[in-house]
Amino acid sequence: MENFYFSVPASKFKEKPVKQNSEIFFAPISHEIEQAVPYLENHWKMQDNKNDRLTDSVVYNAQTFSEVEKCYERHPKGDFTYLAHRWYNKRTSSVTEDIFCSYNIARKEKDIKHKTIDFYIMDVPFDLKLTSFPKRFGKQRSDYSSDRTYRNDLIRWLYENQSKGRRNHEKNRIFVVCKHDDGLNSRNNLLLKKDFTQINGKVESFLDYSYGKLERGEDPFNKVTLNNGTTVYSEVIFIY
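What counts, and where the lines are drawn
Residues numbered from 1 in each chain as written. Predicted model: local features only at pLDDT ≥ 70, side-chain atom pairs only at ≥ 80, totals over all residues. Heavy atoms only, no water. Helix = DSSP H or I, 4+ residues; strand = E, 2+ residues; numbered from the N terminus. Buried < 20%, exposed > 50% of the residue type's maximum accessible area, 1.4 Å probe, protein only. Contact = heavy atoms within 4.5 Å. Areas by Shrake-Rupley, 256 points an atom, 1.4 Å probe, with all protein chains shown as cover. Lys, Arg positive; Asp, Glu negative; His and termini not counted. Charge placed at Lys NZ, Arg CZ, Asp CG, Glu CD. Salt bridge = Lys/Arg side-chain N within 4 Å of Asp/Glu carboxyl O. Pairing = 2+ DSSP bridges. Axes fitted to C-alpha atoms, helices over the stretch in contact; angles between N-to-C directions. Parallel < 35°, antiparallel > 145°, perpendicular 65-115°, else oblique. Left-handed = near helix turned anticlockwise from the far one by under 90°. Nonpolar A, V, L, I, M, F, W, Y, C, P; charged D, E, K, R; others polar.

## Looking at the overall build of the protein
Here is step 1 of the chain: Scanning the protein for helices and strands turns up seven helices and six strands.
Here is step 2 of the chain: With the principal axes as the frame, the protein shows a C-alpha extent of 55 × 40 × 30 Å.
Here is step 3 of the chain: Per-residue burial over the protein gives 48% buried out of 240 residues.
Here is step 4 of the chain: Of the contacts made within the protein by residues no fewer than 6 positions apart, 73% connect residues no fewer than 24 positions apart.
Here is step 5 of the chain: For the protein, the exposed surface amounts to about 12,300 Å²; the carbon and sulfur share of it is 49%.
Here is step 6 of the chain: A distance of 3 Å separates the average location of the 39 positive side-chain charges in the protein from that of its 34 negative side-chain charges.

## Some thoughts on the pattern of salt bridges
Here is step 1 of the chain: Summed over the entire model, instances satisfying the criterion amount to twelve salt bridges.
Here is step 2 of the chain: The partner of aspartate 56 in a salt bridge is arginine 86, and the shortest N-O contact between them spans 2.7 Å. Linking aspartate 56 in helix 2 (residues 49-61) with arginine 86 in helix 4 (residues 80-101), this pair joins segments that are 30 residues apart in sequence.
Here is step 3 of the chain: What makes aspartate 56 buried here is its relative accessible area of 17%.
Here is step 4 of the chain: For arginine 86, a relative accessible area of 5% translates into the label buried.
Here is step 5 of the chain: The closest approach of N and O atoms between lysine 223 and aspartate 219, which form a salt bridge, is 3.7 Å.
Here is step 6 of the chain: A residue is classified by how much of its surface remains accessible, and lysine 223, at 43% relative accessible area, is partly exposed.
Here is step 7 of the chain: Look at aspartate 219 and you get partly exposed, because its relative accessible area is 23%.
Here is step 8 of the chain: Salt bridges here are not isolated pairs; linked through shared partners, they connect Asp52, Asp56 and Arg86.

## Focus on the pairing of strand 4 (residues 173-178)
Here is step 1 of the chain: In terms of burial, strand 4 is largely enclosed, as six of its six residues are buried.
Here is step 2 of the chain: Neither face of strand 4 is left uncovered, since the one carrying Arg173, Phe175 and Val177 and the one carrying Ile174, Val176 and Cys178 both have all their residues buried.
Here is step 3 of the chain: With six bridges connecting them, strand 3 (residues 124-132) and strand 4 associate as parallel partners. What sits directly across from leucine 128, in strand 4, is isoleucine 174.
Here is step 4 of the chain: When strand 4 meets strand 6 (residues 231-239), the two strands line up parallel, connected through six bridges. By the bridge assignment for strand 6, phenylalanine 175 is matched with valine 236.

## Notes on the packing of helix 1 (residues 27-34) against helix 4
Here is step 1 of the chain: In the contact formed by helix 1 and helix 4, the axes pass within 10 Å of each other and the chain directions differ by 165°. By the angle class used here, helix 1 and helix 4 are roughly antiparallel. Crossing handedness for the pair helix 1 and helix 4: left-handed. Along its contact with helix 1, which presents Ile29, Glu32 and Ile33, the element helix 4 presents Trp87, Tyr88, Arg91, Thr92 and Val95.
Here is step 2 of the chain: Taken together, the residues of the contact of helix 1 with helix 4 break down into five nonpolar, one polar and two charged.

## Description of the sheet that holds strand 6
Here is step 1 of the chain: The strand order 1-2-3-4-6-5 describes an open sheet built from six strands, whose pairing is mixed. Either end of the sheet is taken by a strand with one partner, and the two such strands are strand 1 (106-108) and strand 5 (223-225). Taking each pair of neighbouring strands and ignoring which way they run, the sheet shows an average axis angle of 40°.
Here is step 2 of the chain: Relative to strand 3, strand 2 (residues 119-121) is paired through three bridges, and the arrangement is antiparallel. Considered in strand 3, the bridge of tyrosine 120 is made with proline 125.
Here is step 3 of the chain: Across the sheet, helix 5 (residues 147-161) is in contact with strand 4, strand 5 and strand 6; its angle to strand 6 comes to roughly 110°.
Here is step 4 of the chain: Set on the sheet, helix 7 (residues 196-215) makes contact with strand 2, strand 3, strand 4 and strand 6; between it and strand 6 the angle comes to about 140°.

Listed below in structure tokens is the structure:
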């Protein structure tokens, strides 16, 4: 089973080399995100649909952390630590999505509730997953003969073991993986999610590389065959 959508001629983008159309000012949102940091625990409760539904309205609507606190004071549903952690994940993911879409060869999906597409890169749809390096993966780069084999194995693991709730799918996905040192300290990995300067640089490099492959007449994105036989476009962008 293949899951490809790529059929865009390179000439369509010839006149537009990869560049950032709009500058993103990280300071205001970074200030808000920092306020959630004290509530981030090294061992977070596994995300589940029940607790997600209890916190959805706050997570998707609160733009500032003070809004999160006020909403919880008015309607204290579930655990505040869970809410704060999830809001942190949502806000950092949203900024990362904005970074991708600030470049001229990427655009957002119009339906903000779409379950499998966050944005398009050169008209190819992708879901975005900003995630911490999974300790349960149990392997490091040194265990593999090549970086590509390592990344593809991690991709297969992430598809099979993450997003088992409402966002579970086997469509194209980009994983921005935060890995501090060996990746075994969960909280240190988590804190890298707010390193937007590094994320922006890595995204730009990824887009430049992908566009360069397209110009050479190559498939611009990495193909991975998952454990169930489905083939997708997927990549890992590491944040260290």
